[in-house]
Amino acid sequence: MILFPKRLHIDDTCQILWKLITSRERQGHHRAAPGTGYQSMSTWKVAVIIGLGVGAMLIMQSGDLLDSVGNGYPIWRETGLLARAGVCIIAGVSLLAIGWLHGLLFSPLELLRGPDDVGYIAEDGRSRAQAANEVRRRRKTGELPPVYPNGWYRVLDSHMLKMAEVKSVSVLGEQVAVFRDQDGKAYVVDAYCPHLGANLAVGGRVVGSCIECPFHGWQFRGNDGKCVRIPYAEKVPEFAKVRCWPSCEVNRQILVWFHCDKEDPQWSIPEQQEITKGEWVYRGRTEHFINAHIEEIPENAADIAHLAHLHTPGILSGVDLRYTYSKTWEFVRHDWKVQWEPEPEPNKHCSQMLVKHALTVFGCHWSLLDICVVARQVGPGVVFLQFEHSFLGRGVILHCVTPVEPLLQCVSHTIYYQSNIPPLVPKFILKAECIQFERDVMIWNNKKYISKPLLVKEDSAIQKHRRWYSQFYSGNSPRLQYQRDTLDF
């Protein structure tokens, strides 16, 4: 609470408020991390704080304050205390509304869900976390394929890693340290120092093109992991090194290559030229954690029948599958026509899903909202969802699936869209995609993987997809050996 002295003037009040704001900014700068959801205080919030502070001071001060700047404002002096408070509250709410509207229209949409936020039903007084943990303990996993397919996986978006910054990331059952050197190049190495096991990403710092261990100061090169300096040793052993993961930075994302036999990358992630050239700009992202085997997620592309049932109800009916068929919203429906096919050599690691979407409201077809989407999957972990519309413009959603551990996947959707299209358009597309995706999450989080499913003729694309996806497994691909019952959220 800010206490104003009896004869405090407006300029004094503004100075106090500005010191308070800048001190909060400095504190926030030290603890903030890109991608964590914390953002520094924006200009409109600063304006609101100053406005409310000055308003509170005006309410509490007597007419002497106003007399000190000329003859003052007679109407304001004659106004009662409650009326003054009302005016200040209305002004503050108006500023907040303007800030909210500005964010809605122009700021990127970021929806970051926790592992227990979506897909679980919390009943009988339980929290969602309790419901999620109970499902994990009781669910039958089935006969699973290997848990980590060979391929490229996203670890971070480029804007999350600043120059000379180090981040700790969990990926493929490992802890890795992701850092950007002084020249701007990103590297990924094992997080644990081979000396005595300190975590390089927790307190470690970037020195040139190396990462320095926070424990004893050993320095490891980012390009090959070799130790190049031990502060207290005369000689660095030739075998002193940390594992360096093959990585690339493309489409403003940092990705790592995984292969169970440590083979070199067998294909590359295609570059989206519109993103690189800045013709398509960042408009937001969503992030979800899925408790399922990784193959369950891309398999949806070949499960054509599920679209007509799970995704037909309008997005207004929400994501809880108990209520999506509510009669309240049945006047809105989505219609889908889908085709999935693998690509031939030399792109056998790719597949394409062609989607035609139509919207019906009160039985009337709204052709303006007909959208054609080409979803091209590149390997097991990256999908390009390409949008093209004569009125709504062009853009892409980068759909990335990254295993955190055997049955926990981090799924992100990052949208880039034409810079000359109002941000509200791609934000609406991303939000609609998020709602439809969260319906799938409720299925994935509670289902069992069936290795030999009971299929009908119309499900033939599912088996075709499984045969295609099997190319990402090798004889040594890791399998789930046991289910841990004590891993709580």
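Residues numbered from 1 in each chain as written. Predicted model: local features only at pLDDT ≥ 70, side-chain atom pairs only at ≥ 80, totals over all residues. Heavy atoms only, no water.

An unreviewed UniProt entry lists the protein chain under the name cholesterol 7-desaturase, from Perca flavescens. Regarding the protein chain, the UniProt comment filed under Subcellular location (unreviewed entry) reads as follows: "Membrane". Turning to the protein chain, the UniProt record has this under Sequence similarities (unreviewed entry): "Belongs to the cholesterol 7-desaturase family." (UniProt positions renumbered as here; feature names shortened; annotations may be inferred.)

Relative to the helices and strands, valine 281 is located in strand β13 (residues 280-290). Here valine 281 falls in the partly exposed class, since its relative accessible area comes to 23%. Once the C-alpha coordinates of valine 281 and tyrosine 417 are considered, the two residues, 136 residues apart in sequence, prove to be 5.4 Å apart. Leaving out residues up to four positions away in the same chain, valine 281 has contacts with Ile415, Tyr416, Tyr417 and Ser419. (Helix = DSSP H or I, 4+ residues; strand = E, 2+ residues; numbered from the N terminus. Buried < 20%, exposed > 50% of the residue type's maximum accessible area, 1.4 Å probe, protein only. Contact = heavy atoms within 4.5 Å.)

The next point concerns the layout of surface pockets. In this structure, the largest pocket encloses a volume near 1,100 Å³. Residue lining of the largest pocket: 39 residues in total, with Trp336, Phe387, Ala432, Glu433 and Gln436 positioned closest to the centre. Those elements giving two or more residues to the lining of the largest pocket turn out to be α8 (296-299), α9 (304-310), β14 (332-342), β15 (350-361), β16 (364-378), β17 (382-389) and α10 (424-444). Looking at the lining of the largest pocket element by element, the count peaks at 9 residues for α10. (1 Å grid on protein atoms, 1.4 Å probe; cavity = no way out; pocket = protein on both sides within 12 Å on 5 of 7 lines; lining within 4 Å. Points joined across faces, edges and corners; volume = space filled by probe spheres on them.)

Core analysis: the biggest nonpolar cluster contains 74 residues, and Val178, Ile254, Ile269 and Ile290 have the highest contact counts within it. For this core, the domains that each give at least three residues are domain 1 (109-141 + 269-471) and domain 2 (151-253). Among residues more than four places away in sequence, those in contact with isoleucine 290 are Ile297, Leu407, Leu408, Gln409, Val411, Phe437, Val441, Trp444 and Asn445. (Core = buried A, V, L, I, M, F, W, Y, C linked by side-chain atoms within 4.5 Å. Domains from an automatic or database assignment.)

Moving on, we get to the pairing of β16. Across 11 bridges, the pairing between β15 and β16 is antiparallel. By the bridge assignment for β16, serine 351 is matched with glutamine 377. Of the pairings in the sheet, the one linking β16 to β17 comprises 7 bridges and is antiparallel in character. Opposite alanine 375, over in β17, you have leucine 385 as the bridge partner. Counted along the chain from β16 to the antiparallel partner β17, the turn is 3 residues long, and its residue glycine 379 has a positive phi close to 75°. (Pairing = 2+ DSSP bridges.)

This part is about the sheet that holds strand β6 (residues 205-207). Pairing is antiparallel in the open sheet, where 4 strands are placed in the order β6-β7-β8-β9. On the outer flanks of this sheet lie β6 and β9 (227-229), each paired with one strand and no other. Mean inter-strand twist for the sheet, computed between neighbouring axes without regard to direction, equals 40°. Bridge count for β6 against strand β7 (residues 210-212) is 3 bridges, and the pairing is antiparallel. Opposite valine 207, over in β7, you have cysteine 210 as the bridge partner. (Axes fitted to C-alpha atoms, helices over the stretch in contact; angles between N-to-C directions.)

Let us look at the sheet that holds strand β19 (residues 408-418). Note: strands within a sheet are paired through backbone hydrogen bonds, in either parallel or antiparallel orientation. Taken together, 8 strands build an open sheet; the order of strands is β1-β13-β19-β18-β17-β16-β15-β14 and the sheet is mixed. Two strands bound the open sheet, and with one partner strand each, they are β1 (109-112) and β14. Adjacent strand axes in the sheet meet at a mean angle of 15° when their direction is disregarded. Bridge count for β1 against β13 is 4 bridges, and the pairing is parallel. Counted as the bridge partner of leucine 111 is threonine 286 from β13. On top of the sheet, helix α11 (residues 460-469) reaches β14, β15 and β16; it is set at about 50° to β14, its chief contact.

This paragraph deals with α10. Over its 21 residues, α10 runs 30 Å from end to end, which matches the ideal 30 Å to within 8%, given 1.5 Å per residue. Burial analysis of α10 places 16 of its 21 residues in the buried class, the great majority of the element. (Expected span 1.5 Å × (residues − 1).)

Looking at the secondary structure, you find leucine 144 in the loop between α6 (128-138) and β2 (151-157). In this structure leucine 144 comes out as buried when scored by relative accessible area, which is 14%. Each C-alpha atom of the pair leucine 144 and lysine 448 lies 9.5 Å from the other, and the pair is 304 residues apart in sequence. Residue contacts for leucine 144: discarding those within four places in its chain leaves His293, Leu407, Tyr449, Arg479 and Leu480.

Its place among the elements puts histidine 334 in strand β14. Among the polar contacts listed, one links the side chain of histidine 334 to the backbone nitrogen of isoleucine 315, at a separation of 3.3 Å. Of the polar contacts made by the side chain of histidine 334, one reaches the side chain of histidine 357; its length is 2.8 Å. Excluding its chain neighbours within four sequence positions, the residues that come into contact with histidine 334 are His311, Thr312, Pro313, Gly314, Ile315, His357, Ala358, Leu359 and Gln436. (Polar contact = N/O pair within 3.5 Å; in protein donor to acceptor, adjacent residues only side chain to side chain.)

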